[in-house]
Amino acid sequence: MRKSHPIRRVVLATAATVSGVVLLLSLKPASDSSAEAAGAAPQQTAAAQESPQGGSAAAGSGTVDGNVVQTEYGNVQVRLTVGNGKITKADAVQAPKGGTSDQKTALSVPKLNQEAVAAQSAQIDSVSGATYTSTGYKKSLQSAIDKMKASAGASKSGGSSSSGGSSGASGSGSSQASGGAAQARTVTGKLVKTDYGPVQVRVTVSNGKITKADAVQAPTGGLSDQKTAQAVPKLNQEAVAAGSAQIDSVSGATYTSTGYKQSLQSALDQAGG
């Protein structure tokens, strides 16, 4: 009986060792799989964080500057901020200043900005006591809106031309032709010399009509500054209204008016109008 005790001890020790090894082997895969699962979770989180960044980058806006409009008290120019085809903000980057003009500008421009955004057009009311500034603002605003629409139209026509190309060459050519016809054309008339300085007119023509007229050159210096400031805005308005160079001269600015009409006529001749 005494000789059998050491054998039993060896058997028990061996059995205990085998059991321990088996237990360790069974625990190792579980720990590895849990570690892999823990490692996969941060990767999904990182991917989820990239998605919002892509969304914010896709949303964008642009700015459009209207034409500079001369008034009797100074220049007016409007800048629009556009998002998704709508006016989200309007600013007057140029406005009359000096003397009482500072007060009138401070009073009228914020109201005009608000109305432009609310109306989404240049069909807004003038501010009482700031008629010239309001008129100049609306003209510059309209030119900015025209540019905004022209840009949107060009983008759409470009997209339709691309899609038309896949269906046939003739369809693509038709889309391009219609897109080109819808775009406005700017033509500058010849330089006309007068006794008080050169006059040169630039017109924007769309669908055979004058949509805008500007005097890019006009007499300056001395009394000419005052006469030009009084005459040119009226001549610009009449040119657009008449659609031709058959407009009345401005009293007190005969030379400027004559030169304006001659340059206007040459611009229309170039435009084929």
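To start, this report covers the structure provided alongside it. Please read all numbers here as calculations on a predicted model, not as lab measurements.

**Section: the pattern of salt bridges**
For step 1, the next point in the chain: Per the stated rule, a full pass over the model turns up three salt bridges.
For step 2, the next point in the chain: In this structure, Asp65 and Arg79 form a salt bridge, with 2.6 Å as the shortest nitrogen-oxygen distance. Here the residue Asp65 occupies a position in strand β1 (residues 62-65), and Arg79 occupies one in strand β3 (residues 74-83), the gap between them amounting to 14 residues.
For step 3, the next point in the chain: Exposure remark for Arg79: the relative accessible area of 34% places this residue in the partly exposed category.
For step 4, the next point in the chain: Residue Asp214 is joined to Lys212 by a salt bridge in which the shortest nitrogen-to-oxygen separation is 1.9 Å.

**So, the nonpolar core**
General note: in soluble globular proteins, nonpolar side chains tend to be found buried as a group.
For step 1, the next point in the chain: In this structure, Val203, Leu235, Tyr260 and Leu264 are the most contacted members of the largest nonpolar core, which totals 21 residues.
For step 2, the next point in the chain: For this core, the secondary structure elements donating two or more residues are β7 (197-206), β8 (209-217), α5 (223-242) and α6 (254-271).
For step 3, the next point in the chain: Those residues in contact with Leu235 that lie beyond four places of it in its chain are Ile247, Asp248, Val250, Ser257 and Tyr260.
For step 4, the next point in the chain: Val82, Val127, Leu141 and Ala144 belong to the second largest nonpolar core, which has 17 residues in total.

**Observations regarding the packing of aromatic side chains**
For step 1, the next point in the chain: Overall, the coordinates contain two aromatic pairs when judged by the stated rule.
For step 2, the next point in the chain: Geometry around Tyr73 places Lys104 over its ring, the cationic atom sitting 6.0 Å from the centre.

**A few points about the pairing of strand β4 (residues 86-94)**
For step 1, the next point in the chain: Sheet topology note: the β3/β4 ladder contains seven bridges and is antiparallel. Directly across from Thr81, in β4, lies its bridge partner Lys89.
For step 2, the next point in the chain: Between β3 and the antiparallel strand that follows it, β4, lie two residues; Asn84 among them carries a positive phi value of about 55 degrees.

**Focus: α5**
For step 1, the next point in the chain: For α5, built from 20 residues, the straight-helix expectation of 28 Å at 1.5 Å per residue is met to within 8% by its first-to-last C-alpha distance of 28 Å.
For step 2, the next point in the chain: Those residues of α5 not exposed but buried are Ser224, Thr228, Ala231, Val232, Pro233, Leu235, Asn236 and Ala239.
For step 3, the next point in the chain: The first or second residue beyond α5 is Gly243, which carries a positive phi of 70 degrees.

**Points about unusual backbone geometry**
For step 1, the next point in the chain: Phi is positive for Asn84, close to 55 degrees, though the residue is something other than glycine.
For step 2, the next point in the chain: Mapped onto the elements, Asn84 comes out in the loop between β3 and β4.
For step 3, the next point in the chain: In this structure, Gln120 is a non-glycine residue whose phi angle is positive, near 60 degrees.
For step 4, the next point in the chain: As for its placement among the helices and strands, Gln120 is situated in the loop between α2 (100-119) and α3 (131-167).

**Notes on α6**
For step 1, the next point in the chain: Given a rise of 1.5 Å per residue, 18 residues ought to cover 26 Å, and the 26 Å separating the end C-alpha atoms of α6 matches this to within 8%.
For step 2, the next point in the chain: Those residues of α6 that sit buried are Thr256, Ser257, Gly259, Tyr260, Ser263, Leu264, Ser266, Ala267 and Leu268.
For step 3, the next point in the chain: Taken together, the buried residues of α6 touch β5 (185-188), β6 (192-194), β7, β8 and α5.
For step 4, the next point in the chain: A positive backbone phi angle near 85 degrees is found at Gly272, which sits one or two residues after α6.

Criteria and thresholds
- Residues numbered from 1 in each chain as written.
- Predicted model: local features only at pLDDT ≥ 70, side-chain atom pairs only at ≥ 80, totals over all residues.
- Heavy atoms only, no water.
- Salt bridge = Lys/Arg side-chain N within 4 Å of Asp/Glu carboxyl O.
- Helix = DSSP H or I, 4+ residues; strand = E, 2+ residues; numbered from the N terminus.
- Buried < 20%, exposed > 50% of the residue type's maximum accessible area, 1.4 Å probe, protein only.
- Core = buried A, V, L, I, M, F, W, Y, C linked by side-chain atoms within 4.5 Å.
- Contact = heavy atoms within 4.5 Å.
- Phe/Tyr/Trp six-rings, centres within 6.5 Å; stacked < 30°, edge-to-face > 60°.
- Lys NZ or Arg CZ within 6 Å of the ring centre and 35° of its normal.
- Pairing = 2+ DSSP bridges.
- Expected span 1.5 Å × (residues − 1).

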